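Okay, here's what each chain looks like letter by letter:
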Amino acid sequence: MPILYHGSSRIGVVSPGFAALPLCAMFSRRSGEARFRSATGLRTHYRLAPETQILLTGIGEDAPIERWWGLGMNQRAEAIRTMRRAGACFMTTPNYSLTVNVPRWDDLYAIKRIGLVHSEMIGEGVPTALHVNGRTDTDFKRWAEFIVAREEVTHVAYEFTTGTRWAKRRRDHAVWLCGLARDVGRPLHLVVRGGTDQLGGFIAAFAGVTVLETDSFMWAMKRQEAVLRGNTSIRRRAAPTEKGAPLDELLAGNILANRLRIENLLAAAVANGAIGRA
């Protein structure tokens, strides 16, 4: 599922079936008021086809997602209701950071806030993935206990594009994440950004996997074309355009190439014996 950040540099609509938009782009940073109050307004702004299903992703840098918490409970609830009316059919909670250079209780407070925001989103009737941020095995054990006690948690989210992007750290977090799925003991769906080299383990551990990717959009904005190499490898090559030329075809081609790569990776994981559903 591509993540789109704006609708500029295009003249038509893109129709990827499903698209992810940043949660923090849905409200004003100053007032907290919702920026879009109708499905037509939201889709027009991002140049999305009417049939496109919209996911709002809470993965982001610390400052923007802290603004979401700063709205306060009542204003967050109103924002969620407005975003649902504007066509958001699914959300992932903000990934409040856990870091190594602060007192441990700061981590626990971040975990608590993730759980509270998940409860607020679910309470407003929006299917939501719980972003199970953690940095120790105990964190993931606690998340498992939290999920076991709450049957409304059917989806979890994770990202491997910041501190977890380093190879060894990425493997550690993938093991913890798969262990959480095992400890919960009921089917969970994973919404993941990055970590595509761990898809085999995710397919084995989770009932379903949705991959969020930013490459299609970012490469198109930089006039770069995604090119498949074989079935599961991809590279980018320069695709210069005339000044002011629309990027519709470039974006659509990038989305297709990245989707084929991820689908091939998922299919290979299943074929190699992983039990799951892509």
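Conventions and cut-offs
Every chain is numbered independently, its residues counted from 1 as its sequence is written. The model is predicted, so local features are restricted to residues of pLDDT at least 70 and side-chain atom pairs to those at 80 or more, both for listing and for counting; the totals for chains, interfaces and linings are taken over all residues. With hydrogens and water stripped out, all remaining heavy atoms of the structure feed into the side-chain values. Think of a salt bridge as a Lys or Arg side-chain nitrogen and an Asp or Glu carboxyl oxygen that are within 4 Å of each other. Secondary structure elements are taken from DSSP: a helix is a run of H or I of four residues or more, a strand is a run of E of two residues or more, and numbering for both begins at the N terminus. Burial here depends on accessible area, computed with a 1.4 Å probe over protein chains only, as a share of the maximum for the residue type. Under 20% is buried, over 50% is exposed, and the range in between is partly exposed. Nonpolar cores were defined as sets of buried Ala, Val, Leu, Ile, Met, Phe, Trp, Tyr and Cys residues, with membership established by side-chain atoms within 4.5 Å. We call two residues in contact when some of their heavy atoms are within 4.5 Å. Along the chain, pLDDT gives the predictor's confidence residue by residue, from 0 to 100. For a helix, the expected span equals 1.5 Å multiplied by the number of residues minus one. Our arc is simply the arc of the directions from the helix axis toward the C-beta atoms. Residues are said to line a cavity or pocket when one of their atoms sits within 4 Å of a point; the points come from a 1 Å grid over protein atoms alone, cavities being sets where a 1.4 Å probe fits but cannot get out and pockets being open sets with protein on both sides within 12 Å along at least five of seven lines. Grid points are joined across faces, edges and corners, and a volume is the space filled by probe spheres set on the points. All amino acids are sorted into three groups, where Ala, Val, Leu, Ile, Met, Phe, Trp, Tyr, Cys and Pro are nonpolar, Asp, Glu, Lys and Arg are charged, and the leftover types, Gly among them, are polar. At least two DSSP bridges between two strands are needed for those strands to be called paired. Aromatic rings from Phe, Tyr and Trp, with only the six-membered ring used for Trp, were paired whenever their centres fell within 6.5 Å, and each pair was classed as stacked if the ring planes differed by under 30 degrees, edge-to-face if by over 60, and tilted otherwise. Charge-over-ring placement is defined geometrically: NZ (Lys) or CZ (Arg) within 6 Å of the ring centre, and within 35 degrees of the ring normal. As a rule, the C-alpha atoms of each element are fitted with a line to give its axis, helices using only the stretch in contact, and angles between N-to-C directions run from 0 to 180 degrees.

Draft legend 1. Region of the structure containing the pattern of salt bridges. Overall, the coordinates contain 13 salt bridges when judged by the stated rule. As a salt-bridge pair, R104 and D107 come within 2.9 Å of each other at their nearest N and O atoms. Here R104 pairs with D107, and both are found in helix α4 (residues 104-123), just three residues apart, close to one helical turn. Classification of D107 as buried rests on a relative accessible area of 0%. In the salt-bridge network here, residues are joined through shared partners; they are E78, R81, R85 and E124.

Draft legend 2. Seen up close, the nonpolar core. One finds W68, M83 and F202 to be the most contacted residues of the largest nonpolar core, which totals 71 residues. Each residue touching W68, except ones within four places of it in the same chain, is listed here: L23, F27, R76, A79, I80, M83, P94, Y96, V117 and M121. Listed in part, the eight residues of the second largest apolar core include I3, A20, A157 and L212.

Draft legend 3. Seen up close, the confidence of the model for the protein. Looking at the protein as a whole, the pLDDT averages 92, with 96% of positions reaching at least 70. Predicted confidence in the protein is weakest over helix α6 (residues 167-184), with a mean pLDDT of 91, and strongest over strand β4 (residues 128-131), with 98.

Draft legend 4. Structural context of helix α5 (residues 137-148). Spanning 12 residues, α5 covers 17 Å between terminal C-alpha atoms, matching the ideal 16 Å at 1.5 Å per step. Among the residues of α5, those classed as buried are D139, F140, W143, A144 and I147. Angular distribution of buried residues about the axis of α5 spans 140 degrees; they occupy a single face of the element.

Draft legend 5. Quick look at empty space enclosed by the protein. Per the counting criterion, the structure on display carries one cavity of 30 Å³ or more. Looking at the largest cavity, its volume works out to about 40 Å³. Taken together, M26, F36, L42, L56, M83, A86 and A88 make up the full set of residues lining the largest cavity. Residues that form the lining of the largest cavity fall into these classes: seven nonpolar, no polar and no charged.

Draft legend 6. Expanded view of the layout of surface pockets. The calculated volume of the largest pocket comes to roughly 760 Å³. Taken together, 32 residues form the lining of the largest pocket, with I59, G60, E61, N95 and T162 sitting closest to its centre. Taken together, the elements giving at least two residues each to the lining of the largest pocket come down to α2 (62-70), β5 (155-159) and α6. Split by residue class, the lining of the largest pocket holds 12 nonpolar, 12 polar and eight charged. The calculated volume of the second largest pocket comes to roughly 540 Å³. As for the second largest pocket, its lining consists of 23 residues, and the residues nearest its centre are M1, F18, V209, T210 and V211. At the level of elements, β2 (53-57), β3 (88-92), β6 (189-193), β7 (208-212) and α9 (248-271) are the ones that each hand at least two residues to the lining of the second largest pocket.

Draft legend 7. Geometry of the pairing of β2. Within β2, four of the five residues are buried, which leaves it mostly tucked inside the rest of the structure. Two strands pair when backbone bridges link them, and strand β1 (residues 18-22) and β2 are joined in this way by five bridges, in the parallel orientation. By the bridge assignment for β2, L21 is matched with L56. When β2 meets β3, the two strands line up parallel, connected through three bridges. Bridge pairing in β3 places L56 opposite M91.

Draft legend 8. Looking closely at the packing of aromatic side chains. All chains considered together, the criterion is met by 10 aromatic pairs. For the ring pair W69 and Y96, a centre distance of 6.4 Å and an interplane angle of 80 degrees mean the geometry is edge-to-face. Residue W69 is found in helix α2, and its partner Y96 is found in the loop between β3 and α4; the two are separated by 27 residues along the sequence. Per residue, the accessibility class of W69 equals that of Y96, and both read buried. In textbook terms, an aromatic cluster arises when at least three aromatic residues are bridged by ring pairs, as seen for F140, Y158, F160, W176 and F202. Between the NZ or CZ atom of R76 and the centre of the ring of W69, over which it lies, the distance is 4.4 Å.

Draft legend 9. How the structure looks around the sheet that holds β4. Sheet architecture is open: seven strands sit in the order β1-β2-β3-β4-β5-β6-β7, paired in parallel fashion. Both outer strands of the open sheet, β1 and β7, are each paired with one neighbouring strand and no more. For this sheet the average axis-to-axis angle between neighbouring strands, irrespective of direction, equals 25 degrees. The sheet contact formed by β6 and β7 spans five bridges and is parallel. Within the sheet, the bridge partner assigned to H189 lies in β7 and is G208. α5 contacts β4 and β5 of the sheet and is inclined by roughly 150 degrees relative to β4.

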